[in-house]
Amino acid sequence: MSRRDLPGLLAAVVVASPVLIGAVYSTLAAVGLVGVGAQGFTLERVIDTLTSSETWSGVAWTFATAGAATAVAVAAAFVLAVRVRDRRFGQVMAMLPMAVPHVAAALAALLMFGQSGLLSRLTYALGLTTAPADFQPLVYDRAGVSLVLTFVWKELPYLTLTAMAVLLVDSRELEEVARTLGATARQTFWRVTWPQLWRGTAPAVIAAFAFLVGQYEMPALLAPSNPTALSILIYERAVDPNLLRRGEAHVLGLLALSISGLLVVAHQWWRARAEPGP
Amino acid sequence: MIGARRDGFLLAALGAWVLTPIAVLIVRAFAQSWRFPQILPDATDAWPALSAAGTGRVTSALIASLALALATGLFGTVIGFLIARSAVRVGRRFQQLTLAAAFFTVIAPPIALGVGLQVAVLGIGLGGTFTGVFLAHLVPVTGYLTLFAVGVFASFDLSLEDEARTLGASPWQVLSRIVVPLLGRRLGEGLILGGLVSWGQLAITLLVGGGVVRTLPVELLSMVQSGNDQAGAFAALMLSLPPMFAIGLLTVGARRTGASL
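Owing to the predicted nature of the structure, the values given are computational and were not obtained by experimental measurement.

Now for the overall build of chain B. When helices and strands are tallied, chain B shows ten helices and zero strands. Counting from the amino terminus, chain B carries its helices and strands in the arrangement α-α-α-α-α-α-α-α-α-α. Across its three principal axes, chain B shows a C-alpha extent of roughly 75 × 65 × 30 Å. Residues counted as buried form 48% of the 261 residues belonging to chain B. Long-range pairs, those at least 24 residues apart, make up 73% of the contacts in chain B between residues at least 6 apart in sequence. Carbon and sulfur atoms make up 67% of the accessible area of chain B, which amounts to about 11600 Å² in all. Taking the 16 positively charged and 10 negatively charged side chains of chain B as two groups, their mean positions are separated by 4 Å.

By the definition in use, this model includes eleven salt bridges over all chains. E219 of chain B is paired through a salt bridge with R57 of chain B; the nearest N and O atoms lie 2.8 Å apart. Placement of E219 of chain B in helix α9 (residues 216–225) and of R57 of chain B in helix α2 (residues 46–88) is noted, with a sequence separation of 162 residues between them. Where salt bridges share partners, they join E54, R237, R245 and E248 of chain A into one cluster.

Attention now goes to the domain arrangement of chain B. All names here are of chain B. When the domains of chain B are assigned, the result is domain 1 (1–44) and domain 2 (50–257). A separation of 32 Å is found between the C-alpha centroids of domain 1 and domain 2. Listed by partner, the interface residues are eight residues for domain 1 and eight residues for domain 2. The junction of domain 1 with domain 2 conceals about 680 Å² of combined surface from both sides, 75% of it contributed by carbon and sulfur atoms. Area buried by domain 1 at its contact with domain 2 is led by L25, R28 and A29, which between them contribute 60% of it. Joining domain 1 to domain 2, the criterion identifies zero salt bridges. For the interface between domain 1 and domain 2, the tally reads two residue pairs in polar contact (both at pLDDT 80 or more). Split into classes, the residues belonging to the side of domain 1 that touches domain 2 amount to six nonpolar, one polar and one charged.

Below, the discussion takes up helix α6 (residues 118–125) of chain A. Inspection of α6 of chain A places L118, S120, R121 and T123 of chain A among the buried residues, and these make up the whole buried set. G127 of chain A sits one or two residues past α6 of chain A and shows a positive phi near 80 degrees.

What follows concerns the interface of chain A and chain B. Listed by partner, the interface residues are 84 residues for chain A and 80 residues for chain B. The junction of chain A with chain B conceals about 7000 Å² of combined surface from both sides, 79% of it contributed by carbon and sulfur atoms. Summed over the shared surface of chain A and chain B, the result is one salt bridge. A salt bridge links D7 of chain B to R83 of chain A, with the shortest nitrogen-to-oxygen separation between them at 2.8 Å. The tally of links between chain A and chain B comes to six residue pairs in polar contact (both at pLDDT 80 or more). Among the elements that line the side of chain A that touches chain B, the one with the most residues is helix α1 (residues 6–30) of chain A, at 14 residues.

Grouped together as the largest cluster of nonpolar side chains are 122 residues, with contacts concentrated most on L107, L159, Y216, L222 and I234 of chain A together with L25 and L220 of chain B. When residues of this core are assigned to domains, at least three fall in each of domain 1 (1–44) and domain 2 (50–257) of chain B. Not counting chain neighbours up to four residues away, the residues in contact with L222 of chain A comprise A106, A109, L110, V139, Y140, S146, L147 and T150 of chain A. F81, V152, A164 and L183 of chain B belong to the second-largest nonpolar core, a separate cluster that totals 14 residues.

Our next topic: the environment of A69 of chain B. Residues and elements named next belong to chain B. Turning to its location among the elements, A69 is positioned in helix α2. Through-space distance from the C-alpha of A69 to that of G195 is 4.1 Å; in sequence the pair is 126 residues apart. With sequence-adjacent residues up to four places away left out, A69 is seen in contact with G195, S198 and W199.

We now examine helix α3 (residues 92–107) of chain B. The end-to-end C-alpha distance of α3 of chain B is 22 Å, a good match for the 22 Å that 16 residues give at a rise of 1.5 Å each. Along α3 of chain B, the positions that sit buried rather than exposed are F94, T98, L99, A100, A101, A102, F103, F104, T105, V106 and I107 of chain B.

Residues and elements named next belong to chain B. Relative to each other, helix α6 (residues 159–166) and helix α7 (residues 171–199) sit at 160 degrees, their axes nearing to 10 Å. As summarised for this structure, α6 and α7 are arranged roughly antiparallel, according to the angle between their axes. Viewed along their axes, α6 and α7 form a crossing whose handedness is right-handed. Counting all contacts with α6, which are made through L160, E161, A164 and R165, the residues of α7 involved are V174, I178, V179 and L182.

About the cut-offs
- Residues numbered from 1 in each chain as written.
- Chains lettered and ligands numbered in written order.
- Predicted model: local features only at pLDDT ≥ 70, side-chain atom pairs only at ≥ 80, totals over all residues.
- Heavy atoms only, no water.
- Helix = DSSP H or I, 4+ residues; strand = E, 2+ residues; numbered from the N terminus.
- Buried < 20%, exposed > 50% of the residue type's maximum accessible area, 1.4 Å probe, protein only.
- Contact = heavy atoms within 4.5 Å.
- Areas by Shrake-Rupley, 256 points an atom, 1.4 Å probe, with all protein chains shown as cover.
- Lys, Arg positive; Asp, Glu negative; His and termini not counted.
- Charge placed at Lys NZ, Arg CZ, Asp CG, Glu CD.
- Salt bridge = Lys/Arg side-chain N within 4 Å of Asp/Glu carboxyl O.
- Domains from an automatic or database assignment.
- Buried area = accessible area lost by both parts, 1.4 Å probe.
- Polar contact = N/O pair within 3.5 Å; in protein donor to acceptor, adjacent residues only side chain to side chain.
- Nonpolar A, V, L, I, M, F, W, Y, C, P; charged D, E, K, R; others polar.
- Core = buried A, V, L, I, M, F, W, Y, C linked by side-chain atoms within 4.5 Å.
- Expected span 1.5 Å × (residues − 1).
- Axes fitted to C-alpha atoms, helices over the stretch in contact; angles between N-to-C directions.
- Parallel < 35°, antiparallel > 145°, perpendicular 65-115°, else oblique.
- Left-handed = near helix turned anticlockwise from the far one by under 90°.

Shown next, in the form of structure tokens:
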């Protein structure tokens, strides 16, 4: 490292320092050295939390809902980017949910998918149900249907705009060349458009998944209490009236940060692979 | 012909998918009552809804959120652009390191960040205060703005600064006469972006603010959890309007200058 690189190193440290400070505090709190309910060094909370089935069922449920939503959002974003990338209406519609904060989107989902929500009223009007209780629960349900749909609604703009940008910048000329050389529409898509699209949007897909894994607002209004989403588990422990349990929030927080850290590594690795070197 | 019809159907489906939840929020906010099994409320009367929900809690929460968004947007823009400027002047390896650090603050779960920051902020005596929440919001805001500013500096000719210095300009003159005028619009966009990131923060505000700092997302969550859907929907609209306006502004600006958003 040369002296010229020092500002760069300093910049990275400045950006990361609040997270690092928080992580250090969390580590100390997790082993009982600082924070509310600290009673001296112990690994008991760490072991208890990391061996608890509640923790891992929460992590698995969080991964499953975030993964399902990301997969659906990616598929929809690709279709939209390929089919309506030149249409102004499509671009505006694709961007609009970005403006609606997550907690507001979650309330809209509650009003639509709840047992007395809009969908339930429509099924009643069609004679498919006779009371709110007849409507299949889509909120607070173990399958997380309304949560996944709301995740998709919120992530679709980011993924669609990324996919549209990739296609507008990278693909158009190549597609035209392929068609000129006699490729069919199907061949052009699978051999030209798809590789560009996938390689260009993969980092955004990882980012979207990572973001959903850490989401708090939407699970707070739409997720079931069993299994408990990781973010909800962290919040519940952080405000638990039993002060001794608050150390568990730090263990879970560190677990969530570690997952994010791994996803950052995956994101950077894929970006480095996709982008040409200097 | 079939392709055009299929695209038309796709656009209609996209419109319905995007607009229905927003329409539901609008109807719920302005309907006095909306009981099962009504698909649409019988009569809508906006004023009682607005006077019940608009006064007091929503208004003071709106002011707190606006103040936080403005402060974090402003400070985040300055810090993010300074960090990015340092990062782009060094080798690719350290630039990547800064980008990874910034990206980490962006995607790290706010609730996990909040748990650590809560202890840190309590340690300096700022737990449950506006300043503490402002400092906590700065963490993700700075991450977003560093990533944004690195992108901005990628197309900025840094040699202009060196030339001005060679011609005898002081650092202040370089900043005020070269850098700020050239980056003016991008700094404005950074301010809006930073404000928007702070605007939607809930988990960090809840943990660091301890329920004392009542921003609009905190108030909205509390209204919905207490079963007050109508006031919650009104707060949700208040929460969504400024980002819609800001995104519209950025889009129009980008179109006028031929830039991509």
